[in-house]
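Single-letter residue listing:
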Amino acid sequence: MHQPATQTRQQFNRPGFTLIEVLVVIAVITVLLSLVFSAGGMIRLASFNTEDLSQIRQLGIGHAAYQNVYSERFVDVGLPHGGYGVEARSFTESLEPFMVSPILRSPLDLSPYWESQMQAGEDNPPVNRRTSYGMNNYLSRNYSPMVAMIGPGAAADRLAKIQKPDRVVCFLHMSPKGDYAVSDHPHVENWAYGPEPWKLANDQVSIWAAEGEPSVTELAKSNYGFVDGSTATLMFNEVYMSPQKNRFDPDVVQQ
């Protein structure tokens, strides 16, 4: 039995997707995928920050153990910017016996200075990065600005000289590039020379390490460890505002 001609024509004339509808569907899928990838990136960065804060906390625990053995004296630094220095004097070596495993590289650290660029036959290979982290130079017996101005013994190099250990920065992230990428300490006293100290600081330390990508503003976030072993993710303007108001110089913090 034959179907009516009108029914047959209706079957073959069913409307399909128009070009506009296809483009709308593609746009929606693109937006959804971008949201998924963005959320995945945020989750990954949050995980890296959690691990990084844990590593800085472990540095603090090792540092506390070191102080118990050495009459409350702090570890020191020994890797000047751009040079080889005395690695045996650096906290990277001093803390090793006081930690379960050496913690030198942060999961947030993508510095190109980790891998050697030495070519066969070169006598003077470039200096490479040996730690992601640096120590506040105000706490150093050798590189403290107080030692430079007053002389040996002027550094706040032991717990007895710190009135507010929960407010004085001890460990922080070094810059991933430049001369300070191979150092284990900044020179905080140099950040005062200009109206935008965050730009000067960013040449020495990574003020944006917690953000995963460069953000050179006073609101940039990084992870910090304090003398008492606590840690925090803070904006740059929360740790350094001016030479008279910052969390690096113990004399300023204690006022």
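Look up a bit, the structure's there.
Residues numbered from 1 in each chain as written. Predicted model: local features only at pLDDT ≥ 70, side-chain atom pairs only at ≥ 80, totals over all residues. Heavy atoms only, no water.

Q: Is there a simple way to think about the overall build of the protein in this case?
A: From N to C terminus, the protein includes 7 helices and 6 strands. The secondary structure elements of the protein, listed N-terminal to C-terminal, are α-α-α-β-α-β-α-β-β-α-β-β-α. Out of the 255 residues in the protein, the part that is buried amounts to 41%. Carbon together with sulfur atoms contributes 58% to the accessible area of the protein, which is approximately 14300 Å² in total. (Helix = DSSP H or I, 4+ residues; strand = E, 2+ residues; numbered from the N terminus. Buried < 20%, exposed > 50% of the residue type's maximum accessible area, 1.4 Å probe, protein only. Areas by Shrake-Rupley, 256 points an atom, 1.4 Å probe, with all protein chains shown as cover.)

Q: Even after reading the chapter, I still don't get the environment of Trp114, so can you show me in this structure?
A: Relative to the assigned elements, Trp114 resides in the loop between α3 (91-94) and β1 (133-135). Accessibility expressed as a relative area gives 17% for Trp114, which makes it buried. Trp114 sits 17 residues away from Thr131 along the chain, and the two C-alpha atoms are 8.7 Å apart. Non-local contacts of Trp114, meaning those with residues more than four positions away in its chain, are made with Leu104, Arg105, Asp109, Asn128, Arg129, Arg130, Thr131 and Ser132. (Contact = heavy atoms within 4.5 Å.)

Q: Explanation requested: the pairing of strand β2 (residues 169-173) in the structure shown.
A: Within a regular strand, the side chains alternate between the two sheet faces. Of all 5 residues making up β2, 5 are buried, and the element is well covered by its neighbours. Relative to β2, β1 runs antiparallel, the two being bridged by 3 bridges. If you follow Met135 over to β2, its bridge partner there is Phe171. Alignment of β2 against strand β3 (residues 221-226), held across 2 bridges, turns out to be antiparallel. (Pairing = 2+ DSSP bridges.)

Q: Please explain the layout of surface pockets as it appears in this structure.
A: The gaps left among the atoms become clear once a water-sized probe is rolled over them. The volume enclosed by the largest pocket comes to roughly 400 Å³. Lining the largest pocket are 24 residues; nearest its centre among them are Leu108, Asp109, Leu110, Trp208 and Gly212. Its residues assigned to classes, the lining of the largest pocket shows 10 nonpolar, 8 polar and 6 charged. (1 Å grid on protein atoms, 1.4 Å probe; cavity = no way out; pocket = protein on both sides within 12 Å on 5 of 7 lines; lining within 4 Å. Points joined across faces, edges and corners; volume = space filled by probe spheres on them. Nonpolar A, V, L, I, M, F, W, Y, C, P; charged D, E, K, R; others polar.)

Q: I would appreciate a short explanation of the side chain of Asn136 in the present structure.
A: Tracing the backbone through its elements, the reader meets Asn136 in the loop between β1 and α4 (145-149). Judged by relative accessible area, Asn136 falls into the buried class, the value being 0%. There is a polar contact of 3.0 Å between the side chain of Asn136 and the backbone nitrogen of Tyr138. Not counting chain neighbours up to four residues away, the residues in contact with Asn136 comprise Val168, Val169, Cys170, Leu172, Val188 and Phe248. (Polar contact = N/O pair within 3.5 Å; in protein donor to acceptor, adjacent residues only side chain to side chain.)

Q: Can you help me understand the side chain of Asp157 in this one?
A: With respect to the helices and strands, the residue Asp157 is situated in the loop between α4 and β2. Within the local environment of Asp157, its side chain forms a polar contact with the side chain of Arg158, the two groups lying 3.3 Å apart. With near-sequence residues (within four places) excluded, Asp157 lies in contact with Glu72, Arg73, Phe74, Leu139 and Arg141.

Q: Just checking my understanding: could you explain empty space enclosed by the protein for this structure?
A: Under the definition given, this model contains 1 cavity of 30 Å³ or more. Within this model, the largest cavity holds a volume of roughly 40 Å³. Taken together, Leu59, Phe91, Thr92, Leu95, Glu96, Met99, Pro102, Ile103 and Leu104 form the lining of the largest cavity.

Q: Please explain the sheet that holds strand β4 (residues 231-235) as it appears in this structure.
A: Sheet strands pair by backbone hydrogen bonding; their relative direction is either parallel or antiparallel. Across the sheet, 4 strands lie side by side as β1-β2-β3-β4; this open sheet has antiparallel pairing. Looking at the sheet topology across the chains shown, the edges are occupied by β1 and β4. On average, each strand axis in the sheet is tilted by 35 degrees relative to the strand beside it, whichever way the strands run. (Axes fitted to C-alpha atoms, helices over the stretch in contact; angles between N-to-C directions.)

Q: Is there a simple way to explain the packing of aromatic side chains in this structure?
A: The geometry of an aromatic ring pair comes down to the distance between the two centres and the angle between the two planes. Tallied over the full model, the rule gives 8 aromatic pairs. Taking the centre distance of 5.4 Å and the plane angle of 70 degrees together, the rings of Trp191 and Tyr240 count as edge-to-face. Here Tyr240 lies in strand β5 (residues 240-242) and Trp191 lies in the loop between β2 and α5 (197-202), a separation of 49 residues in the sequence. Relative accessible area serves as the criterion here: at 3%, Tyr240 is assigned to the buried category. Put simply, the rings of Trp191, Phe236, Tyr240 and Phe248 pair up and form one aromatic cluster. (Phe/Tyr/Trp six-rings, centres within 6.5 Å; stacked < 30°, edge-to-face > 60°.)

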